[in-house]
Amino acid sequence: MTIEETATAIKDMSIRGAGKIARACASALYELAESYDGDDPEEFMEMLEDAKNDLIASRPTAVSLYNGVMYSLKGIGKWMDVEEMRREVMNNADEFIKDSIQAVKTIGELGAEIVDDGDVIMTHCNSSAALSVIKEAHAQGKNIKVYATETRPWRQGLITVRQLAEAGVDVTLIVDSAVRLVMEDVDKVFVGADTITAQGTLFNKVGTSQLALAANELDVPFYVCTESYKFSPMSLNSDNVRIEVRETAEIVKEGEVPKEVKIYNPVFDRTPAKFIDTIITEKGGISPYKARDFIIEQFGIKEEVH
Ligand code: RUB
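Small disclaimer: the values here were computed from a predicted structure and weren't measured.

A. Structural view of the domain arrangement of the protein chain. For the protein chain, the assigned domains read domain 1 (3-105) and domain 2 (109-299). Just the C-alpha atoms count here: the centres of domain 1 and domain 2 sit 26 Å apart. Opposite the 22 residues of domain 1 that make contact, domain 2 presents 30 residues. Contact with domain 2 buries surface across domain 1, with Arg16, Thr61 and Val104 losing the most and accounting together for 28% of the total. At the junction of domain 1 and domain 2, the tally comes to 2 salt bridges. The closest approach of N and O atoms between Lys105 and Glu109, which form a salt bridge, is 3.4 Å.

B. Representation of the side chain of Glu244 in the model. Positionally, Glu244 belongs in the loop between β7 (222-225) and β8 (268-271). One polar contact links Glu244 to Arg246, side chain to side chain, over a distance of 2.8 Å. In contact with Glu244, not counting residues within four places along its chain, are Arg59, Pro60, Thr61, Asn265, Pro266, Val267 and Phe268.

C. Looking closely at the side chain of Arg246. Its location among the elements puts Arg246 in the loop between β7 and β8. For Arg246, a relative accessible area of 13% gives the class buried. The contacts of Arg246, once residues within four sequence positions are left out, are Lys11, Asp12, Met13, Arg59, Trp154, Asn265 and Val267.

D. Seen up close, a negative patch on the surface. A cluster of acidic residues, Glu4, Glu5, Glu31, Glu34, Asp39, Asp40, Glu42, Glu43, Glu46, Asp50 and Asp54, forms a negative patch at the surface. Listing elements by their share of the negative patch, those giving two or more residues are α1 (3-11), α2 (18-35) and α3 (41-57). By residue number, the principal contributor to the negative patch is α3, which donates 5 residues. Along the chain, Asp50 falls in helix α3. Accessibility expressed as a relative area gives 47% for Asp50, which makes it partly exposed.

E. Structural detail: the site of the ligand. Around the ligand, the structure places 18 residues, and the nearest of them are Arg16, Gly19, Asn204, Lys205 and Lys230. Contact between the ligand and Ser127: an oxygen atom at 2.8 Å from a side-chain N or O atom of the residue. At 2.7 Å from an oxygen atom of the ligand is found a side-chain nitrogen or oxygen belonging to Lys230. Here the ligand, which alone exposes 460 Å², has 99% of that area covered by the protein. Contributing elements (two or more residues each) for the shell around the ligand: α2, α6 (128-139) and β6 (202-205). When grouped by side-chain class, the residues that make up the shell around the ligand number 6 nonpolar, 7 polar and 5 charged. Looking at which domains feed residues into the shell around the ligand, each of domain 1 (3-105) and domain 2 (109-299) supplies at least three.

F. View of the sheet that holds strand β4 (residues 188-191). A sheet is described by the order of its strands in space; here 7 strands give the open sequence β3-β2-β1-β4-β7-β9-β10, paired in mixed fashion. Edge positions in the sheet fall to β3 (170-174) and β10 (284-286), since each of these pairs with one other strand and no more. Along the sheet, successive strands turn relative to each other by an average axial angle of 25°, direction set aside. Strand direction decides the pairing type here: β4 and β7, joined by 3 bridges, are parallel. Looking at β7, one finds that Val189 is bridged to Phe222. Its contacts with the sheet put helix α5 (residues 82-112) on β4, β7, β9 (278-281) and β10, and the angle it makes with β9 is roughly 135°.

Criteria and cut-off values
Residues numbered from 1 in each chain as written. Predicted model: local features only at pLDDT ≥ 70, side-chain atom pairs only at ≥ 80, totals over all residues. Heavy atoms only, no water. Domains from an automatic or database assignment. Contact = heavy atoms within 4.5 Å. Buried area = accessible area lost by both parts, 1.4 Å probe. Salt bridge = Lys/Arg side-chain N within 4 Å of Asp/Glu carboxyl O. Helix = DSSP H or I, 4+ residues; strand = E, 2+ residues; numbered from the N terminus. Polar contact = N/O pair within 3.5 Å; in protein donor to acceptor, adjacent residues only side chain to side chain. Buried < 20%, exposed > 50% of the residue type's maximum accessible area, 1.4 Å probe, protein only. Patch = residues over 30% accessible without salt bridge, like charges linked within 9 Å, V, L, I, M, F, W, Y side chains within 5 Å. Areas by Shrake-Rupley, 256 points an atom, 1.4 Å probe, with all protein chains shown as cover. Lys, Arg positive; Asp, Glu negative; His and termini not counted. Charge placed at Lys NZ, Arg CZ, Asp CG, Glu CD. Near = heavy atom within 4 Å. Nonpolar A, V, L, I, M, F, W, Y, C, P; charged D, E, K, R; others polar. Pairing = 2+ DSSP bridges. Axes fitted to C-alpha atoms, helices over the stretch in contact; angles between N-to-C directions.

What follows is the structure, encoded as structure tokens:
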């Protein structure tokens, strides 16, 4: 897919989920590098810069998208010749996609160790990383039962229940407002992530923080399953991540409510570190309070010494 097609597909949600959108961006940059047949490094650099901006602007909350784009473009500059630049982008993008797919698999294996035979699990929205854990636990022969939330307004929960049913997992669909009641029967919560900040704050599908609150009240462990590129290198001084607000037509159809009714459709929310037990990454489980150290190490950030 071209850069434009990819950005459009991400905006209109035909490609969705933080991991998938990051891989789609890397793949679009690969294609751009592969198809460039000019010989002007400056021109190519400008094309890459425009592509970067268009891709990053396509969805604002998931840092995976930013990290996937930056990884694909790392080490590129107009001092290189075009061939070198093209090769570098293609290698980087390819490496990002392969590592990302492997990371989801590893998270599944590590996370499955936490799942006990007989566990009742709740998940929200549709997260490849969270489902990797659940499917792996099931594949290991653990007898588990899963509650999946519908996840209004896009109803990504329907994708989740289809995927789990196909894997043979015992899965029950619930509406979002049933979370608190059903949590009384739940042993563990596994959700995905769009962004994790240095403060250990999780940004994920709207409603995630309600699962976290209910889990906290009932002493149900709350686990976040995430590849390391969903940690934000820009968050060292602030966890002020922009929450995407989408069109009101996603919630109600034209004429369903009086014109003077305002409609607000934020599609992600913020879950503070204190509600998270462990963040399961492909590099192991970490406390949300260690997110800052993890980011510094992961992104090789040099902190200023005062
Ligand atoms: C998807 C969502 C998922 C995370 C993680 O929201 O919130 O929990 O993106 O997904 P949307 P994954 O449907 O709006 O993209 O683990 O697959 O990266």
